[in-house]
Amino acid sequence: MTRYSRIIGTGGYLPEEIRTNEQISQTVDTSDSWIFERTGIKSRRIAGPNETASSMAEIAARQAIEAAACDPEDIDLIIVATGTPDRVYPSTGCLLQQRLGIKNCVAFDVQAACSGSIFALSIADQYIKSGAAKKILIVGTEICSRIVDWTDRSTCILFGDGAGAVLLGVSEETGILSTHIHSDGEYEDMLYCPNPQVATEANKDEASYISMRGNEVFKVAVNTLGRIVDETLEANNLEKSDIDWLVPHQANIRIIVATAKKLKMSMDQVVVTLETQGNTSSASVLLAFNEAVRDCRIQRGQVVLLEAFGAGFTWGSALIKY
Ligand code: COA
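Residues numbered from 1 in each chain as written. Predicted model: local features only at pLDDT ≥ 70, side-chain atom pairs only at ≥ 80, totals over all residues. Heavy atoms only, no water.

Trainee: Just checking my understanding: could you explain the state of the cysteines for this structure?
Mentor: Note on terminology: a disulfide is the covalent bond linking the sulfur atoms of two cysteines. Going through the model one piece at a time under the given rule, you end up with zero disulfides. For C94, which is in no disulfide, the shortest distance to another cysteine sulfur is to C105 and amounts to 8.5 Å. Relative accessible area serves as the criterion here: at 31%, C94 is assigned to the partly exposed category. (Disulfide = S-S within 2.5 Å. Buried < 20%, exposed > 50% of the residue type's maximum accessible area, 1.4 Å probe, protein only.)

And the structure:
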(Lines give C-alpha, C1' and ligand atoms only; values in the text may rest on other atoms or scores of the structure.)
Protein backbone atom coordinates (compact mmCIF):
# COMPACT_ATOMS: atom_id res chain seq x y z
CA MET A 1 0.00 0.00 0.00
CA THR A 2 1.22 3.47 -0.81
CA ARG A 3 1.00 5.71 2.21
CA TYR A 4 0.18 9.36 1.71
CA SER A 5 0.01 12.17 4.25
CA ARG A 6 -3.41 13.75 4.14
CA ILE A 7 -4.51 16.97 5.80
CA ILE A 8 -7.38 15.95 8.08
CA GLY A 9 -7.84 19.18 10.05
CA THR A 10 -6.83 22.84 9.95
CA GLY A 11 -6.84 25.68 12.46
CA GLY A 12 -5.77 29.27 12.89
CA TYR A 13 -5.51 32.03 15.43
CA LEU A 14 -5.05 35.77 15.09
CA PRO A 15 -4.62 38.04 18.12
CA GLU A 16 -7.27 40.65 18.80
CA GLU A 17 -5.33 43.89 18.34
CA ILE A 18 -5.39 45.33 14.83
CA ARG A 19 -2.57 47.76 14.01
CA THR A 20 -3.31 49.76 10.87
CA ASN A 21 -0.94 51.53 8.49
CA GLU A 22 -2.40 54.83 9.71
CA GLN A 23 -1.40 53.99 13.28
CA ILE A 24 2.15 53.13 12.20
CA SER A 25 2.38 56.35 10.19
CA GLN A 26 1.81 58.27 13.42
CA THR A 27 5.09 56.96 14.84
CA VAL A 28 7.37 56.58 11.78
CA ASP A 29 7.71 58.56 8.57
CA THR A 30 5.48 56.52 6.24
CA SER A 31 1.91 56.50 4.91
CA ASP A 32 -0.94 54.09 4.30
CA SER A 33 -0.67 54.58 0.54
CA TRP A 34 3.12 53.95 0.46
CA ILE A 35 2.78 50.75 2.49
CA PHE A 36 -0.25 49.46 0.58
CA GLU A 37 1.19 50.19 -2.88
CA ARG A 38 4.60 48.62 -2.13
CA THR A 39 3.42 45.64 -0.08
CA GLY A 40 -0.36 45.07 -0.29
CA ILE A 41 -0.64 45.38 3.51
CA LYS A 42 -3.28 47.54 5.24
CA SER A 43 -3.16 46.19 8.77
CA ARG A 44 -1.68 43.41 10.89
CA ARG A 45 -2.55 41.68 14.18
CA ILE A 46 -0.45 42.26 17.29
CA ALA A 47 -0.27 39.74 20.14
CA GLY A 48 -1.33 40.86 23.61
CA PRO A 49 1.24 41.23 26.42
CA ASN A 50 0.42 37.81 27.87
CA GLU A 51 0.37 35.92 24.59
CA THR A 52 3.27 33.77 23.39
CA ALA A 53 4.07 31.56 20.41
CA SER A 54 2.88 28.53 22.41
CA SER A 55 -0.34 30.14 23.65
CA MET A 56 -1.32 31.08 20.09
CA ALA A 57 -0.20 27.66 18.83
CA GLU A 58 -2.49 25.98 21.35
CA ILE A 59 -5.60 27.74 20.02
CA ALA A 60 -4.78 26.96 16.37
CA ALA A 61 -3.85 23.37 17.25
CA ARG A 62 -7.08 22.72 19.19
CA GLN A 63 -9.08 23.92 16.17
CA ALA A 64 -7.22 21.56 13.83
CA ILE A 65 -7.64 18.64 16.25
CA GLU A 66 -11.36 19.37 16.57
CA ALA A 67 -11.83 19.71 12.80
CA ALA A 68 -10.26 16.27 12.37
CA ALA A 69 -12.33 14.80 15.24
CA CYS A 70 -9.05 13.35 16.50
CA ASP A 71 -8.24 12.11 19.99
CA PRO A 72 -5.15 14.17 20.97
CA GLU A 73 -3.59 11.00 22.44
CA ASP A 74 -3.42 9.57 18.89
CA ILE A 75 -0.95 12.27 17.86
CA ASP A 76 2.54 10.72 17.44
CA LEU A 77 4.50 13.84 16.63
CA ILE A 78 4.22 17.62 17.08
CA ILE A 79 6.35 19.86 14.90
CA VAL A 80 6.26 23.58 15.62
CA ALA A 81 7.74 26.03 13.13
CA THR A 82 8.72 29.29 14.79
CA GLY A 83 11.41 31.93 14.80
CA THR A 84 9.97 33.53 17.93
CA PRO A 85 9.91 30.66 20.47
CA ASP A 86 8.72 31.29 24.04
CA ARG A 87 12.10 30.09 25.31
CA VAL A 88 15.47 29.06 23.85
CA TYR A 89 14.50 25.70 25.34
CA PRO A 90 12.36 23.72 25.95
CA SER A 91 11.13 23.83 22.38
CA THR A 92 7.79 25.47 21.68
CA GLY A 93 6.76 21.99 20.49
CA CYS A 94 7.27 20.63 24.04
CA LEU A 95 5.43 23.61 25.53
CA LEU A 96 2.55 22.95 23.15
CA GLN A 97 2.57 19.25 24.01
CA GLN A 98 2.23 20.21 27.68
CA ARG A 99 -0.57 22.68 26.92
CA LEU A 100 -2.47 20.03 24.96
CA GLY A 101 -1.90 17.47 27.74
CA ILE A 102 -0.50 14.85 25.35
CA LYS A 103 1.75 12.36 27.14
CA ASN A 104 2.99 9.92 24.54
CA CYS A 105 4.31 11.80 21.56
CA VAL A 106 7.51 13.39 20.30
CA ALA A 107 7.68 17.17 19.96
CA PHE A 108 10.28 19.49 18.47
CA ASP A 109 10.72 22.79 16.66
CA VAL A 110 11.84 23.59 13.15
CA GLN A 111 13.59 26.88 12.51
CA ALA A 112 13.57 27.83 8.85
CA ALA A 113 12.26 31.40 9.27
CA CYS A 114 9.27 32.11 7.00
CA SER A 115 9.66 28.73 5.24
CA GLY A 116 9.24 26.89 8.55
CA SER A 117 5.78 25.46 7.94
CA ILE A 118 6.81 24.08 4.52
CA PHE A 119 9.92 22.52 6.09
CA ALA A 120 7.70 21.04 8.82
CA LEU A 121 5.31 19.62 6.20
CA SER A 122 8.24 18.10 4.35
CA ILE A 123 9.63 16.41 7.51
CA ALA A 124 6.17 15.22 8.55
CA ASP A 125 5.52 13.76 5.11
CA GLN A 126 8.68 11.63 5.37
CA TYR A 127 7.62 10.34 8.80
CA ILE A 128 4.17 9.36 7.54
CA LYS A 129 5.36 7.84 4.26
CA SER A 130 7.96 5.74 6.06
CA GLY A 131 5.42 4.47 8.58
CA ALA A 132 7.21 6.14 11.53
CA ALA A 133 4.11 8.18 12.46
CA LYS A 134 0.38 8.13 11.78
CA LYS A 135 -0.86 11.48 13.06
CA ILE A 136 1.28 14.60 13.06
CA LEU A 137 0.36 18.05 14.29
CA ILE A 138 2.13 20.92 12.54
CA VAL A 139 1.88 24.48 13.82
CA GLY A 140 3.50 27.65 12.51
CA THR A 141 3.34 30.32 15.21
CA GLU A 142 4.98 33.73 15.43
CA ILE A 143 5.14 36.84 17.55
CA CYS A 144 6.99 38.94 14.99
CA SER A 145 5.89 42.15 16.70
CA ARG A 146 8.40 41.46 19.51
CA ILE A 147 11.42 41.19 17.19
CA VAL A 148 10.50 44.16 15.04
CA ASP A 149 12.09 47.56 15.62
CA TRP A 150 9.02 49.80 15.67
CA THR A 151 11.20 52.80 14.83
CA ASP A 152 12.47 51.22 11.57
CA ARG A 153 9.99 52.05 8.82
CA SER A 154 11.56 49.61 6.37
CA THR A 155 10.67 46.55 8.47
CA CYS A 156 7.98 47.46 11.02
CA ILE A 157 5.36 47.88 8.29
CA LEU A 158 5.69 44.27 7.13
CA PHE A 159 5.17 41.85 9.97
CA GLY A 160 2.28 40.54 12.07
CA ASP A 161 1.47 37.87 14.65
CA GLY A 162 -0.60 34.66 14.48
CA ALA A 163 -0.61 30.87 14.35
CA GLY A 164 -1.75 28.35 11.76
CA ALA A 165 -2.09 24.58 12.18
CA VAL A 166 -2.70 21.40 10.21
CA LEU A 167 -3.16 17.86 11.39
CA LEU A 168 -1.85 15.15 9.06
CA GLY A 169 -3.13 11.58 8.95
CA VAL A 170 -2.36 8.53 6.78
CA SER A 171 -4.30 7.88 3.60
CA GLU A 172 -4.22 5.33 0.78
CA GLU A 173 -5.53 7.99 -1.56
CA THR A 174 -3.36 10.90 -2.54
CA GLY A 175 -2.61 13.67 -0.08
CA ILE A 176 0.77 15.41 -0.12
CA LEU A 177 2.08 14.71 -3.64
CA SER A 178 5.57 16.07 -3.07
CA THR A 179 7.57 18.54 -1.01
CA HIS A 180 10.69 20.42 -2.05
CA ILE A 181 12.90 22.33 0.37
CA HIS A 182 16.11 24.31 -0.10
CA SER A 183 18.57 26.40 1.91
CA ASP A 184 21.41 28.71 1.00
CA GLY A 185 23.32 30.25 3.91
CA GLU A 186 25.14 32.53 1.50
CA TYR A 187 22.36 35.05 2.03
CA GLU A 188 22.56 34.99 5.84
CA ASP A 189 23.19 38.73 6.18
CA MET A 190 20.38 39.87 3.86
CA LEU A 191 17.69 39.08 6.41
CA TYR A 192 18.44 38.15 9.99
CA CYS A 193 17.55 38.59 13.64
CA PRO A 194 20.43 38.42 16.16
CA ASN A 195 20.26 36.51 19.42
CA PRO A 196 21.89 38.94 21.88
CA GLN A 197 22.16 36.38 24.67
CA VAL A 198 24.70 34.37 22.76
CA ALA A 199 26.45 37.25 21.01
CA THR A 200 30.22 37.32 20.61
CA GLU A 201 32.42 40.35 21.35
CA ALA A 202 32.16 41.26 17.67
CA ASN A 203 28.37 41.45 17.52
CA LYS A 204 27.36 42.10 21.12
CA ASP A 205 26.14 45.63 20.34
CA GLU A 206 23.79 44.54 17.56
CA ALA A 207 20.19 45.42 18.26
CA SER A 208 18.05 42.31 18.69
CA TYR A 209 15.65 43.16 15.89
CA ILE A 210 14.93 41.99 12.36
CA SER A 211 17.46 43.46 9.96
CA MET A 212 16.72 43.30 6.24
CA ARG A 213 17.91 44.54 2.86
CA GLY A 214 14.36 44.52 1.50
CA ASN A 215 15.06 45.32 -2.10
CA GLU A 216 17.61 42.52 -2.47
CA VAL A 217 15.41 40.06 -0.57
CA PHE A 218 12.60 40.88 -2.98
CA LYS A 219 14.68 39.94 -6.05
CA VAL A 220 15.99 36.68 -4.60
CA ALA A 221 12.48 35.74 -3.48
CA VAL A 222 10.94 36.20 -6.93
CA ASN A 223 13.77 34.17 -8.45
CA THR A 224 13.76 31.26 -6.04
CA LEU A 225 9.96 30.99 -6.03
CA GLY A 226 9.96 30.92 -9.82
CA ARG A 227 12.41 28.01 -9.75
CA ILE A 228 10.52 26.08 -7.06
CA VAL A 229 7.32 26.28 -9.11
CA ASP A 230 9.11 24.68 -12.10
CA GLU A 231 10.74 22.06 -9.88
CA THR A 232 7.42 21.10 -8.26
CA LEU A 233 5.50 20.81 -11.54
CA GLU A 234 8.30 18.81 -13.16
CA ALA A 235 8.57 16.37 -10.23
CA ASN A 236 4.87 15.59 -10.53
CA ASN A 237 4.63 15.65 -14.30
CA LEU A 238 1.98 18.33 -14.08
CA GLU A 239 1.10 21.36 -16.18
CA LYS A 240 0.52 24.82 -14.75
CA SER A 241 -3.17 24.42 -15.56
CA ASP A 242 -3.39 21.37 -13.23
CA ILE A 243 -3.02 23.59 -10.15
CA ASP A 244 -6.33 24.74 -8.68
CA TRP A 245 -5.01 26.95 -5.88
CA LEU A 246 -1.84 28.77 -4.95
CA VAL A 247 -1.35 29.35 -1.22
CA PRO A 248 1.80 31.47 -1.05
CA HIS A 249 3.81 32.85 1.84
CA GLN A 250 2.34 36.28 2.51
CA ALA A 251 5.33 38.63 2.34
CA ASN A 252 4.54 41.10 -0.41
CA ILE A 253 1.67 41.23 -2.91
CA ARG A 254 4.09 41.99 -5.74
CA ILE A 255 6.02 38.77 -5.02
CA ILE A 256 2.73 36.83 -4.89
CA VAL A 257 1.55 38.33 -8.19
CA ALA A 258 4.88 37.41 -9.83
CA THR A 259 4.49 33.76 -8.75
CA ALA A 260 0.85 33.65 -9.90
CA LYS A 261 1.92 35.08 -13.26
CA LYS A 262 4.62 32.43 -13.59
CA LEU A 263 1.88 29.81 -13.04
CA LYS A 264 -0.46 31.66 -15.45
CA MET A 265 -3.00 31.70 -12.62
CA SER A 266 -5.69 34.28 -12.12
CA MET A 267 -5.51 36.06 -8.76
CA ASP A 268 -8.93 34.47 -8.04
CA GLN A 269 -7.05 31.19 -7.59
CA VAL A 270 -4.57 32.67 -5.13
CA VAL A 271 -5.26 32.82 -1.40
CA VAL A 272 -4.21 36.24 -0.12
CA THR A 273 -4.45 37.17 3.57
CA LEU A 274 -1.67 39.74 3.49
CA GLU A 275 -3.90 42.82 3.45
CA THR A 276 -5.18 42.28 6.99
CA GLN A 277 -2.43 40.06 8.44
CA GLY A 278 0.89 41.24 7.06
CA ASN A 279 3.76 38.75 7.04
CA THR A 280 3.26 36.30 9.91
CA SER A 281 6.44 34.40 8.95
CA SER A 282 6.10 30.64 9.48
CA ALA A 283 2.40 31.01 10.33
CA SER A 284 1.39 32.68 7.07
CA VAL A 285 0.93 29.73 4.70
CA LEU A 286 -0.98 27.64 7.25
CA LEU A 287 -3.16 30.61 8.23
CA ALA A 288 -4.02 31.22 4.57
CA PHE A 289 -4.66 27.53 3.95
CA ASN A 290 -6.94 27.32 6.99
CA GLU A 291 -8.90 30.37 5.89
CA ALA A 292 -9.51 29.03 2.38
CA VAL A 293 -10.51 25.57 3.68
CA ARG A 294 -12.90 27.05 6.23
CA ASP A 295 -14.60 29.39 3.75
CA CYS A 296 -14.88 26.44 1.31
CA ARG A 297 -12.75 27.93 -1.46
CA ILE A 298 -10.39 24.94 -1.30
CA GLN A 299 -12.36 21.73 -1.86
CA ARG A 300 -11.43 18.06 -1.35
CA GLY A 301 -9.74 16.65 -4.46
CA GLN A 302 -8.31 19.96 -5.62
CA VAL A 303 -4.61 20.43 -6.27
CA VAL A 304 -3.03 23.08 -4.07
CA LEU A 305 0.50 24.49 -4.27
CA LEU A 306 1.88 25.88 -1.02
CA GLU A 307 5.16 27.81 -1.20
CA ALA A 308 7.35 29.99 0.99
CA PHE A 309 10.72 31.65 1.27
CA GLY A 310 12.49 33.17 4.22
CA ALA A 311 15.72 34.09 5.97
CA GLY A 312 18.67 31.83 5.38
CA PHE A 313 17.68 31.87 2.63
CA THR A 314 15.29 28.99 2.88
CA TRP A 315 12.55 28.22 0.39
CA GLY A 316 10.23 25.38 -0.42
CA SER A 317 6.94 24.07 -1.70
CA ALA A 318 4.38 21.40 -0.94
CA LEU A 319 2.01 20.13 -3.61
CA ILE A 320 -1.15 18.66 -2.17
CA LYS A 321 -4.16 16.89 -3.54
CA TYR A 322 -6.49 18.09 -0.82
N1 COA B 1 7.56 54.44 4.02
C2 COA B 1 8.05 55.35 3.17
N3 COA B 1 9.24 55.23 2.57
C4 COA B 1 9.95 54.13 2.84
C5 COA B 1 9.51 53.12 3.72
C6 COA B 1 8.26 53.32 4.33
N7 COA B 1 7.74 52.43 5.18
N8 COA B 1 10.43 52.14 3.78
C9 COA B 1 11.43 52.50 2.96
N10 COA B 1 11.15 53.69 2.40
C11 COA B 1 11.95 54.46 1.45
C12 COA B 1 13.41 54.10 1.49
O13 COA B 1 14.07 54.83 2.52
C14 COA B 1 13.86 54.54 0.12
O15 COA B 1 14.05 55.93 0.11
P16 COA B 1 15.23 56.59 -0.76
O17 COA B 1 14.90 56.24 -2.19
O18 COA B 1 15.09 58.03 -0.43
O19 COA B 1 16.48 55.96 -0.27
C20 COA B 1 12.65 54.25 -0.77
O21 COA B 1 11.54 54.15 0.13
C22 COA B 1 12.75 52.97 -1.58
O23 COA B 1 13.20 51.94 -0.73
P24 COA B 1 13.28 50.45 -1.21
O25 COA B 1 13.80 49.61 -0.08
O26 COA B 1 14.01 50.38 -2.51
O27 COA B 1 11.72 50.17 -1.47
P28 COA B 1 11.05 48.90 -2.11
O29 COA B 1 10.21 49.29 -3.23
O30 COA B 1 12.02 47.79 -2.32
O31 COA B 1 10.05 48.44 -0.94
C32 COA B 1 9.95 46.75 0.75
C33 COA B 1 10.55 48.08 0.33
C34 COA B 1 10.55 46.36 2.08
C35 COA B 1 8.46 46.93 0.87
C36 COA B 1 10.27 45.67 -0.34
O37 COA B 1 11.62 45.75 -0.71
C38 COA B 1 9.94 44.28 0.09
O39 COA B 1 8.82 43.96 0.41
N40 COA B 1 10.96 43.39 0.05
C41 COA B 1 10.77 42.03 0.40
C42 COA B 1 10.84 41.92 1.88
C43 COA B 1 10.33 40.61 2.37
O44 COA B 1 9.51 39.99 1.75
N45 COA B 1 10.82 40.19 3.54
C46 COA B 1 10.38 39.04 4.19
C47 COA B 1 10.99 37.86 3.60
S48 COA B 1 10.28 36.43 4.28
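Trainee: What should I look at first to understand the environment of D109 in this one?
Mentor: Along the chain, the position of D109 falls in strand β5 (residues 106-110). Accessibility expressed as a relative area gives 26% for D109, which makes it partly exposed. In this structure, the C-alpha to C-alpha distance between D109 and G93, residues 16 residues apart in sequence, is 5.6 Å. Contacts of D109, omitting those with residues within four sequence positions, involve V80, T82, P85, S91, T92 and G93. Separated by 2.8 Å, the side chain of D109 and the backbone nitrogen of T92 make a polar contact. Only 2.7 Å separates the side chain of D109 from the backbone nitrogen of G93, close enough to count as a polar contact. (Helix = DSSP H or I, 4+ residues; strand = E, 2+ residues; numbered from the N terminus. Contact = heavy atoms within 4.5 Å. Polar contact = N/O pair within 3.5 Å; in protein donor to acceptor, adjacent residues only side chain to side chain.)

Trainee: I'm lost on the site of the ligand in this one. Help?
Mentor: Close to the ligand lie 22 residues, the nearest being T30, R38, R153, N215 and N252. The backbone of G214 places a nitrogen or oxygen atom 3.0 Å from a nitrogen atom of the ligand. In this structure, N252 approaches the ligand through a side-chain N or O atom, which is 2.7 Å from an oxygen atom. With the chains in place, 72% of the 960 Å² that the ligand exposes on its own is no longer accessible. For the shell around the ligand, the secondary structure elements donating two or more residues are α2 (32-39), α6 (214-236) and β12 (303-310). (Near = heavy atom within 4 Å. Areas by Shrake-Rupley, 256 points an atom, 1.4 Å probe, with all protein chains shown as cover.)

Trainee: Hey, could you run me through the nonpolar core in this one?
Mentor: Side chains of a nonpolar character, in soluble globular proteins, are inclined to be buried together. Within the largest apolar cluster, 36 residues are counted, with the highest numbers of intra-cluster contacts made by I243, L246, L263, L305, F309 and F313. Mapped onto this core, the elements with two or more residues apiece are α6, α7 (253-262), β12 and β13 (314-321). With seven residues, the single largest contributor to this core is α6. Mapped onto the domain boundaries, this core takes at least three residues apiece from domain 1 (4-173) and domain 2 (177-321). Not counting chain neighbours up to four residues away, the residues in contact with L305 comprise V229, T232, I243, W245, L246, V247, L263, S317, A318 and L319. If you look at the next biggest cluster of nonpolar residues, it comprises 33 residues, including V110, I118, A120 and A318. (Core = buried A, V, L, I, M, F, W, Y, C linked by side-chain atoms within 4.5 Å. Domains from an automatic or database assignment.)

Trainee: What am I meant to see in the domain arrangement of the chain here?
Mentor: Where interface size is quoted, it is often the accessible area lost as the parts come together. Considered domain by domain, the chain is made up of domain 1 (4-173) and domain 2 (177-321). Inter-centroid distance (C-alpha atoms) of domain 1 to domain 2 is 14 Å. Both sides of the domain 1 and domain 2 interface together cover about 3800 Å² of buried area, and 63% of this is carbon and sulfur. For the pair domain 1 and domain 2, the interface holds zero salt bridges. Inspection of the domain 1/domain 2 interface yields 21 residue pairs in polar contact (both at pLDDT 80 or more). Sorting the residues of the side of domain 1 that touches domain 2 by element identifies β1 (4-13), α2, β3 (43-46), α3 (53-67), α5 (116-130), β6 (136-143) and β7 (161-171) as the ones contributing at least two each. When residues of the side of domain 1 that touches domain 2 are assigned to their parent elements, the largest contribution, eight residues, is made by α5. Here the residues of the side of domain 1 that touches domain 2 sort into 25 nonpolar, 20 polar and 10 charged. (Buried area = accessible area lost by both parts, 1.4 Å probe. Salt bridge = Lys/Arg side-chain N within 4 Å of Asp/Glu carboxyl O. Nonpolar A, V, L, I, M, F, W, Y, C, P; charged D, E, K, R; others polar.)

Trainee: Mind showing me how you'd approach the packing of α6 against α7 here?
Mentor: Helix packing for two helices is described by the angle between their axes and how far apart those axes are. It is at 10 Å that the axes of α6 and α7 come closest, and there the two elements cross at 30°. Considered as vectors, α6 and α7 are oriented roughly parallel to each other. Here the hand of the crossing between α6 and α7 comes out right-handed. Taking contact as the criterion, the partners of F218, A221, V222, L225, G226, V229 and D230 in α6 are, on α7, R254, I255, A258, T259 and K262. (Axes fitted to C-alpha atoms, helices over the stretch in contact; angles between N-to-C directions. Parallel < 35°, antiparallel > 145°, perpendicular 65-115°, else oblique. Left-handed = near helix turned anticlockwise from the far one by under 90°.)

Trainee: What should I look at first to understand the sheet that holds β5 in this one?
Mentor: Paired through their backbone hydrogen bonds, the strands of a sheet run either parallel or antiparallel. Reading across from one edge, β1-β7-β6-β4-β5 is the order of the five strands in this open sheet, with mixed pairing throughout. The outermost strands of the open sheet, each flanked by one partner alone, are β1 and β5. Neighbour to neighbour, the strand axes of the sheet diverge by 20° on average, direction disregarded. The pairing of strand β4 (residues 77-81) with β6 spans five bridges and is parallel. Across the sheet, L77 pairs through a bridge with I136, a residue of β6. Its contacts with the sheet put helix α4 (residues 92-100) on β4, β5 and β6, and the angle it makes with β4 is roughly 125°. (Pairing = 2+ DSSP bridges.)

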